[in-house]
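Letter by letter, the chains look like this.
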Amino acid sequence: MRHRISILFLLVGITLSVFADEVVFRAQAPKQVVVGRPFQLTYSVNQRSRDLRAPEFTDFDVLSGPYTSTSSSTSFVNGKRTSSFEQTYTYMLMAQKEGTFTIGPATVKVDGENIQSNGVRIQVLPEDEETSPQPSPQGRGQSSDQSSSQSSANQGGSVSSENLFVRTIASKTRVHEQEALMVTYKLYFANVDVAQLTNNTKLPEFTGFLKQELEQGEIQTELEHYNGRNYQTAVLYRTILYPQHSGDIKIDPANFEAVLRVQVQQRPRSIFDDFFGSYTNVTRMLTAPGVTIHVAALPGGKPAGFSGGVGRFTLTPTISQTELQTNDAVTIRLDISGSGNMKLLKTPAIEWPEGFEPYDPKVTNNFNTTTAGVSGTKSIEYLAIPRSAGEYTIPAVHFSYFDIDEKKYKTLSTPEYTIRVKRGAGEPSAAGEQPSGVVSYTQKEDIKQLGSDIRYIDTKAIQIQNSKFKIQNYELIWLWYVIPLIIAMVLLVVLRKQIKEAADITRMRYKHANKVAQKRLKAAAAALKANDKDHFYEEIERAAWTYLSDRLSIPTADLNKENIASILRQKGVAEERIQEVMSVLSTAEFARYAPATDHAMDDLYRDTTNLINNLENEKI
């Protein structure tokens, strides 16, 4: 009994500790303050406390405090009673000098126990200069400054362009092809009451770039010192851009519309007008200037496996098994991780040995778009099934990219895998196996059926009677032996030819290139009709690249525009047709990630269809 009572008290104590309110003691202060301007530092705790011990404010002057206040509330919701309590300690501080400083944690006692708060980090901005210079046309570092705000003729109130403007800020103005940069449009205002921003916004087309928008949450304001003055700022729009060609690329100006609350200067009609003042809403159109990005071409000497990757990447390969039986599946997985133009990375190709039946790779993208660019992992799973026993070697897979930090090309490689395939249950013996280098794609059921079609012929006399004639010539019976034998020999020759053609994967891909392309074009047409842009661009791009890879017998790892143009010239294709190929490939690749109209989608579908039909007529 005594033991049971002890357990009961223990359970009650555990229950009370679970349902007891957790003590929360936190410090709060502005993220940015100005030298010489007072600000508040508050410590709040959700239970009654005493003996506050604040840290030393070495970089700040204590003007007053701490002031102690308490607040509590009780509410009933659906018969359930909830209550809250908060005790607050407030200091009035003032910064002595500019810089970034940390105020350490404070401690209080709650029920005799010391509870520690968090520390706070504060950026101290310098005071406004007495005479602030007009903002320069070009900002410091890698940013472009604002242009003057333009007011309409019917707008009231006077707001200086020095007090309200939008800047175009580029994280970089000198980059390489495919190197990510961020463009930010930022609002600056001082001594102006910005009531709201309207939807009347006009952004540039960002021609020459692939665009990756950043999610824009609720607009937050913060303090920033710029050109000798302190402004309230707010980020209006941000995007990640990837330049698609070298040279100077100009980003056009952007327009934003803001609603301001300004005081109207008029003669007061009563004492209340004179006391409270009169205000009205004024609409102002703000123009953010354009900016020029200087894009350098990627250096020469590109590795054979380079497909346009620019950034910082790592390659992690894994294989499911290296010893298996025939008709069992083997999977090789490649994880390409890092940051850069992740969405434009091509899928490396694996050269499976003869005797393996490969399937289309499965690609899974796990990307995260932040202010630093696109980062994450591209996972590729390759699956193949061995059809004959033996020991096989899978060559190393190479992934090449341009390292943006070291400004040079790098190649990542997988190990060379050796796979041992044993004969599976029910498979033919070694004596009945296909010769080395010949792969049989004929189903076993078909071979069994072939055997059942060849039967013994009755050797008895055959008499064919007719109402008009009667055959009793036994010497013609041998024809009934010869004819089936001839049929069997013809079938054997045809089957051997089909088996040989099936083993020649390159020839099969060449033969079915147009059929596969037309199937993808059909899927693209369905996506176009459903206005599924992502699926449409994916099918169009795969139709063009897959057709050229199969038709020109180019391995996926070597598939690029330069190799395609070179092989087409070797085959005597006209230069005009080659330029048509390059145009369709560039448009398909660019349009997949850039915004496009329905008209542009129709044109791309028509151009891709005409290109494949024209190449078929070329008989390359």
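Cut-offs used in this document
Counting restarts for each chain: residues are numbered from 1 in the order of the written sequence. Whole-chain, interface and lining totals are the exception, using all residues; otherwise, since this is a predicted model, local features are given only for residues with pLDDT of at least 70 and side-chain atom pairs are given and counted only at 80 or more. Calculated side-chain values reflect all of the structure's heavy atoms, with hydrogen atoms and water omitted. A run of H or I in DSSP becomes a helix once it reaches four residues, and a run of E becomes a strand once it reaches two; helices and strands are each numbered from the N terminus. Any pair of residues with heavy atoms lying within 4.5 Å of one another is described as a contacting pair. A 1.4 Å probe and the Shrake-Rupley method give the accessible areas. Residues count as covered only by the protein chains that appear here. Strand pairing follows a simple DSSP-based rule, namely that at least 2 bridges must link the two strands. Axes, fitted as lines to C-alpha atoms, cover a helix only where it is in contact. Angles between the N-to-C directions of the axes lie from 0 to 180 degrees. In plain words, nonpolar cores are sets of buried Ala, Val, Leu, Ile, Met, Phe, Trp, Tyr and Cys residues tied together by side-chain atoms within 4.5 Å. With a 1.4 Å probe rolled over the protein chains alone, any residue whose accessible area is under 20% of its type maximum counts as buried; one over 50% counts as exposed, and the rest are partly exposed. Think of the arc as the fan of directions from the helix axis to the C-beta atoms. Here a polar contact means two N or O atoms within 3.5 Å. Within protein one must be a hydrogen donor candidate and the other an acceptor candidate, and residues neighboring in sequence count only if both atoms are side-chain atoms. Each pair of aromatic rings taken from Phe, Tyr and Trp, with Trp reduced to its six-membered ring, is defined by centres within 6.5 Å and is described as stacked if the planes are under 30 degrees apart, edge-to-face if over 60, and tilted in the remaining cases. Salt-bridge detection follows one rule: a side-chain nitrogen of Lys or Arg within 4 Å of a carboxyl oxygen of Asp or Glu. Two helices crossing with the near one rotated counterclockwise from the far one by less than a right angle form a left-handed crossing, whereas a clockwise rotation gives a right-handed crossing. Expected helix span is given by 1.5 Å per residue-to-residue step, counting one fewer step than there are residues.

**A look at the overall build of the protein chain**
Part 1 of the argument: Regarding its fold elements, the protein chain presents 10 helices and 33 strands.
Part 2 of the argument: Residue pairs at least 24 apart in sequence account for 71% of intrachain contacts in the protein chain once pairs closer than 6 positions are excluded.
Part 3 of the argument: Working note: accessible area of the protein chain is about 37200 Å², and carbon and sulfur atoms make up 49% of it.

**A few points about the sheet that holds strand E14 (residues 194-197)**
Part 1 of the argument: Spatially, 3 strands are ordered E14-E19-E20 in an open sheet, and the strand pairing comes out antiparallel. Two strands bound the open sheet, and with one partner strand each, they are E14 and strand E20 (279-288). In this sheet, adjacent strand axes meet at a mean angle of 25° when their direction is disregarded.
Part 2 of the argument: Two strands pair when backbone bridges link them, and E14 and strand E19 (residues 254-263) are joined in this way by 3 bridges, in the antiparallel orientation. Each bridged residue has a counterpart across the sheet, and for Gln 196 the counterpart in E19 is Val 259.

**Concerning the nonpolar core**
Part 1 of the argument: The biggest cluster of nonpolar side chains holds 32 residues, and the ones touching the most others in it are Phe 536, Leu 548, Ile 564, Val 581 and Leu 585.
Part 2 of the argument: Of all the secondary structure elements, the ones that give two or more residues to this core are helix H6 (513-529), helix H7 (533-551), helix H8 (561-570), helix H9 (575-591) and helix H10 (598-618).
Part 3 of the argument: Apart from the residues lying within four places of it in its own chain, the contact partners of Phe 536 are Ala 524, Ala 527, Leu 528, Met 601, Leu 604 and Tyr 605.

**Considering H8**
Part 1 of the argument: Those residues of H8 lying buried are Ile 564, Ala 565 and Leu 568. One face of H8 carries all of its buried residues, which in axial projection span an arc of 95°. Residues Glu 562 and Gln 570 are exposed on H8 and point more than 90 degrees away from its buried face.
Part 2 of the argument: At its buried positions, H8 is contacted by H7 and H9.

**A short note on the sheet that holds strand E7 (residues 99-103)**
Part 1 of the argument: Ordered in space as E2-E10-E7, the 3 strands form an open sheet in which the pairing is mixed. The open sheet has two free edges, formed respectively by strand E2 (32-34) and E7, since each of these has just one partner strand. Neighbour to neighbour, the strand axes of the sheet diverge by 35° on average, direction disregarded.
Part 2 of the argument: Two elements, E7 and strand E10 (residues 120-125), share 5 bridges in a ladder whose sense is antiparallel. If you follow Phe 101 over to E10, its bridge partner there is Ile 122.

**Some points on the environment of Tyr 382**
Part 1 of the argument: Tracing the backbone shows Tyr 382 in strand E27 (residues 373-386).
Part 2 of the argument: In this structure, the C-alpha to C-alpha distance between Tyr 382 and Thr 331, residues 51 residues apart in sequence, is 5.5 Å.
Part 3 of the argument: The contact partners of Tyr 382, leaving out residues within four places of it in the chain, are Val 330, Thr 331, Ile 332, Leu 334, Thr 347, Pro 348, Ile 350, Trp 352 and Pro 361.

**Brief notes about the side chain of Glu 179**
Part 1 of the argument: By the secondary structure assignment, Glu 179 is in the loop between strand E12 (174-176) and strand E13 (181-189).
Part 2 of the argument: With relative accessibility at 6%, the residue Glu 179 sits in the buried group.
Part 3 of the argument: A polar contact of 2.9 Å, which involves the side chain of Glu 179, links it to the side chain of Lys 172.
Part 4 of the argument: Reaching out from Glu 179, the side chain makes a polar contact with the backbone nitrogen of His 176 at a distance of 2.8 Å.

**So, the packing of aromatic side chains**
Part 1 of the argument: Overall, the coordinates contain 20 aromatic pairs when judged by the stated rule.
Part 2 of the argument: Ring centres of Phe 39 and Phe 60 lie 5.7 Å apart, and the angle between their planes is 75°; on these two criteria the pair is classed as edge-to-face. With Phe 39 in strand E3 (residues 38-45) and Phe 60 in strand E5 (residues 60-77), this residue pair connects regions lying 21 residues apart in the sequence.
Part 3 of the argument: Cluster of aromatic residues (ring-pair linked, three or more members): Phe 25, Tyr 43, Phe 57 and Tyr 91.

**Some details on the pattern of salt bridges**
Part 1 of the argument: One pass over the structure, following the stated rule, counts 22 salt bridges.
Part 2 of the argument: Across the pair Glu 179 and Lys 172 runs a salt bridge whose closest N-O atoms are separated by 2.9 Å.
Part 3 of the argument: By relative accessible area, Lys 172 is classed as partly exposed at 28%.
Part 4 of the argument: Between Arg 569 and Glu 575 there is a salt bridge, and its shortest N-O distance comes to 3.0 Å.
Part 5 of the argument: Overall, the relative accessible area of 44% leaves Arg 569 in the partly exposed class.

**Some remarks on unusual backbone geometry**
Part 1 of the argument: Between Gly 65 and the following residue, Pro 66, the backbone shows a cis peptide bond with an omega angle of 5°.
Part 2 of the argument: Inspection of the secondary structure puts Pro 66 in strand E5.
Part 3 of the argument: One non-glycine residue, Phe 206, lies in the positive phi region at around 55°.
Part 4 of the argument: Given a relative accessible area of 4%, Phe 206 falls into the buried group.

**Concerning the side chain of Asp 403**
Part 1 of the argument: With respect to the secondary-structure elements, Asp 403 resides in strand E29 (residues 398-403).
Part 2 of the argument: Polar side-chain contacts of Asp 403 include one of 2.9 Å to the backbone nitrogen of Glu 406.
Part 3 of the argument: In contact with Asp 403, other than residues within four places in its own chain, are Gly 311, Lys 408 and Lys 410.

**What about the pairing of strand E11 (residues 164-170)?**
Part 1 of the argument: With 7 of 7 residues buried, E11 lies mostly within the body of the structure.
Part 2 of the argument: Side-chain alternation along E11 places Leu 164, Val 166, Thr 168 and Ala 170 on one buried face and Phe 165, Arg 167 and Ile 169 on a second face that is also buried.
Part 3 of the argument: Direction of pairing for E11 relative to E13: antiparallel, over a ladder of 7 bridges. Bridging across to E13, Phe 165 finds its partner in Tyr 188.

**Digging into the packing of H7 against H9**
Packed helix pairs are characterised by how far apart their axes lie and by the angle those axes make with each other.
Part 1 of the argument: At a minimum axis separation of 9 Å, H7 and H9 run at an interaxial angle of 145°. Of the two possible hands of crossing, H7 and H9 adopt the one that is left-handed. Two secondary-structure elements touch here, H7 through Tyr 537, Ile 540, Glu 541, Ala 544, Trp 545 and Leu 548 and H9 through Val 581, Leu 585, Ala 588, Glu 589 and Ala 591.

**A look at H6**
Part 1 of the argument: When the terminal C-alpha atoms of H6 are compared, their 24 Å separation across 17 residues agrees well with the 24 Å that a helix rising 1.5 Å per residue should span.
Part 2 of the argument: All buried positions along H6 are accounted for by Ala 513, Ala 517, Arg 520, Leu 521, Ala 524 and Ala 527. For H6, the angular spread of the buried residues around the axis is 115°, confining them to a single face. In H6, the exposed positions that point more than 90 degrees away from the buried face belong to Lys 515, Lys 519, Lys 522 and Lys 529.

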